[in-house]
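Spelled out from the first residue to the last, the chains are:
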Amino acid sequence: MRSKIKVGLMTAVVALLAISLVAISCAPSGVATPTAPGEVSIGTILVGINNDCTGPTAANQLLVFQAMTGVIEKVNAKGGIVYNDPNTGKEERVRIAYEWGDDKNDTARGAAIYKRIISHDPLLYFSNTSASTIALAEWFNRDKVVGFCMGCPLIARYPVKRYVFPSMQSRTDECATTIKWCVQDWQSKGHPGMPTFAFFTMGGAFGESSIEPGVEAYAKSLGVKIAGKWIFDPRATDLSTEFQAMVGAGVNYTYGNFVPPQFALVCKEQRRLGLEDAIKVITDSNAMWAKLWELAPEASQGKLGNVERPDVTEVSIPEVKRYVELLKNLELPVDGIGMFTAGHTEIAIDAMKKALETKGYPISADDLVEALERGPLLQAWGPHPKVYATPEDHMLSRECAMAKVSGAKYVIISDWMEMVDTRPTK
Amino acid sequence: MLPCGTRSFHYEEDIAIVRTRAQWGMLIAFLIILFTLPLYGNVYILSILSMAAIVLIAVQGLNLLTGYCGQLSVGQAAFVGVGAYITAILTTRFGVPWLAALISAGLGAGLVGIIFGLPALKIKGFYLAMTTLAAQFILDWCFLHLREWTGGVSGLGVDNASIGGIVFASEQSKYYLIMIITFVMVFFAKNIARTRVGRAFVAIKDNDLAANVMGINLRFYKLLAFFLCCGFAGVAGSLLAQYMNLVNPAQFSLGDSILYLGMLVVGGMGSITGGIFGTVFFQLLSTLTLVLSPLLYAVFPGLGMVASSAMTVFFYAIIIMLFLIFEPRGINHVWLAFKGSYRLYPFAYQ
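Calculation notes
Residues numbered from 1 in each chain as written. Chains lettered and ligands numbered in written order. Predicted model: local features only at pLDDT ≥ 70, side-chain atom pairs only at ≥ 80, totals over all residues. Heavy atoms only, no water. pLDDT = per-residue confidence, 0-100. Helix = DSSP H or I, 4+ residues; strand = E, 2+ residues; numbered from the N terminus. Buried < 20%, exposed > 50% of the residue type's maximum accessible area, 1.4 Å probe, protein only. Polar contact = N/O pair within 3.5 Å; in protein donor to acceptor, adjacent residues only side chain to side chain. Expected span 1.5 Å × (residues − 1). Arc of directions from axis to C-beta. 1 Å grid on protein atoms, 1.4 Å probe; cavity = no way out; pocket = protein on both sides within 12 Å on 5 of 7 lines; lining within 4 Å. Points joined across faces, edges and corners; volume = space filled by probe spheres on them. Nonpolar A, V, L, I, M, F, W, Y, C, P; charged D, E, K, R; others polar. Pairing = 2+ DSSP bridges. Right-handed = clockwise from strand over helix to strand, strands pointing away. Core = buried A, V, L, I, M, F, W, Y, C linked by side-chain atoms within 4.5 Å. Contact = heavy atoms within 4.5 Å.

A. Examining the confidence of the model for chain B more closely. With 95% of its residues at a pLDDT of 70 or more, chain B shows a mean pLDDT of 88. Here the prediction assigns the complex a pTM of 0.82, and the interface score ipTM is 0.78.

Next comes the structure, spelled out in structure tokens:
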């Protein structure tokens, strides 16, 4: 009986290997979404997507993927990208097809997915995880594929690569701008001298992405003392050691890159230890969304964050209202991550349209790069923050503001600030 | 079991890797297919094989330590990282030629392996596994926090390998480079296994006390096993660095170390062929899961994106569990049984 099971197992193994070889060889060229009935398109633009639908940061990233593909499918449902073709002189339509892979925020998997998709000649590639972007930033340039990097490690931004566009805020720039705001806040309250600052963040590539020499150099140039770096395991449940150490070091402000569950823990621990007035803990925009005040409804109140878009409740801004309706139609949670992603996807599509209206179909990666660099780009979230790229800096998000959690939303409490540029000078 | 009619008249014939003309023919045909693949295979297929070959080197190193010498290690990925970072630092910061960096990566990782292998002289089994686990965490911390050398979270960019003016920039050229080095390393591992050193390793695995009594220097051979294992890992890391044009701490996680062990278990510990089977099987399985998620979602949109992605991981884990339950000796054992049966045909029996 056991030998029959073994034979069966080996047969299954051989069959599995055979299926693998066939599947690898015959992987589909793209997930084409249909046009509306009666609409005829003159071609298709292929977009590749690396996303972590499962894995340690999937809580955020799944919404990114759903919002992104939702926008693409909505465009296709209306007939695709509608533009005036300079070659035919008529109004034409081009569909958008996308091919994706789940990289589980793993560099090797991200690279493997890219190698599979690149053989189908995509025009644009969305790299939605830090791990993938780290691997792909150079390859986009080598393979002449326009890369929109939502995960934005420094390698995607510096030195400027012709085909790479970091679409997410630079975390180092965010951190440096936050330090600048902390100095203003400290001095506005009448405190003498300069505040003491610390990095307080969760461990891992994303959590530690702000801890770069550029930020430390900027802090030093302002005369701000950095007391230390406190990095905790994302699975931690007790942060009393870290908080007590920071109090002992005289820390006034901290900054860290968090996702909502970890920042909710920070808020709760700070409240539990009675240290809410002693240290101002500041996060980046990845934590400032609905999940945070769902997980820590009381502890998160008054907490500060550096954000690069208005809150989804600011429906007085027409663009925000439009995205809220879009996310509701897609049956997705109405939150900052979805709005942010939908906005950047529309910016990419708008640039494709501009390139099509300039050159006609088909467009090349160089045509898309020129459209992105030439601008003006779609102002996805209203007049602020401004979105632009130049040949000298492909960064698409350059403005941020400080916000405070108030109820089930955040409120902007500062002016919109141009982000400090922390790129190395050589 | 040798093919029917094959006999050895000399010791050299007895220990030869390739014995018969048929085996030579198959080997040559395999090599021809392997090395002509870039002419007709696409970039994706070449990338799968290149990564499999790199992983194979690391797994064979682990095979020498764990499969042959019986010393459990759960830190192999960290030693791959050591080799990768040595290559990156030497080539980008000091302008060392790539080939010299490759050799240095192997030697450097081997020396680091000796340091973490010192506890093996006193402890074994579970306790040794904990020590190598500590190596994984310590080296991980070093990769992340020795920013001046490793680049921290961002990692280090690595130029393409070049040897004698030839730059290996395209997927095809990298494939050839990786395949040649993999072939050499696997041949080296096979030779270690079938000579005095390999026999000493096996004796230590079977009963280290008896091996010591017989005159085998336990200290020397255990440390040699660690040196060879980590040396292989270092070479794999060097190849990985030039292939990805990047080294980054996220590439060398505990999950990867456990995966290498898994490859060894599924393929069959204690044989070079088993390492090959396990690596190829896992790489194909991993690639299948990558392809399967979008396919599942396209065919069953109601399943949802998360479910279709997560099911592939579930599928992966089930395969490993089935192997551990029903064939703990690995694919190699089944292959040997199959080979024996067809060589005995028509007298095969169960």
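B. The side chain of Thr 129 of chain A, seen in detail. All names here are of chain A. Position of Thr 129 relative to the elements: it lies in the loop between strand 5 (124-127) and helix 4 (130-143). For Thr 129, a relative accessible area of 2% puts it in the buried group. Separated by 2.8 Å, the side chains of Thr 129 and Asp 103 make a polar contact.

C. Focus on helix 10 (residues 318-329) of chain A. Residues and elements named next belong to chain A. Between its first and last C-alpha, helix 10 extends 17 Å over 12 residues, near the 16 Å set by a 1.5 Å rise per residue. Residues Val 320, Tyr 323, Val 324, Leu 326 and Leu 327 constitute the buried set of helix 10. Taken end-on, helix 10 shows its buried residues confined to a sector of 160°, consistent with a single buried face. Facing away from the buried side of helix 10 by more than 90 degrees, the exposed set consists of Pro 318, Lys 328 and Asn 329. Among the residues trailing helix 10, Glu 331 stands out with phi positive, at a value near 60°.

D. Examining empty space enclosed by the protein more closely. All names here are of chain A. Tallied over the full model, the rule gives two cavities of 30 Å³ or more. Of the pockets and cavities examined, the largest cavity occupies roughly 140 Å³. Every residue lining the largest cavity is counted, 14 residues in all, and those nearest its centre are Gln 61, Asn 128, Ser 130, Arg 171 and Phe 206. In the lining of the largest cavity, the residues fall into four nonpolar, nine polar and one charged.

E. Quick look at the pairing of strand 10 (residues 253-256) of chain A. Residue and element names in this part refer to chain A. Here strand 10 shows a buried face lined by Tyr 253 and Tyr 255 and a second buried face lined by Thr 254 and Gly 256. Judged from the three bridges that link them, strand 8 (residues 196-202) and strand 10 form a sheet pairing that is parallel. In the strand pairing of strand 10, Phe 197 is matched with Tyr 253. Pairing of strand 10 with strand 11 (residues 280-284) involves four bridges; the strand directions are parallel. Paired with Gly 256 across the bridge in strand 11 is Thr 283. Handedness of the crossover is the feature at issue here: the chain leaves strand 10, passes through helix 8 (residues 260-272), returns alongside strand 11, and the resulting connection is right-handed.

F. Just the nonpolar core, in detail. Ile 181, Phe 201 and Tyr 260 of chain B are the most contacted members of the largest nonpolar core, which has 106 residues in total. Top contributing element to this core by residue count: helix 11 (residues 218-244) of chain B, with 17 residues. Residues contacting Ile 181 of chain B, with those up to four places away along its chain left out, are Ile 57, Trp 98, Leu 102, Val 235 and Leu 239 of chain B. Residues Cys 53, Ile 81, Tyr 98 and Leu 372 of chain A belong to the second largest nonpolar core, which totals 59 residues.

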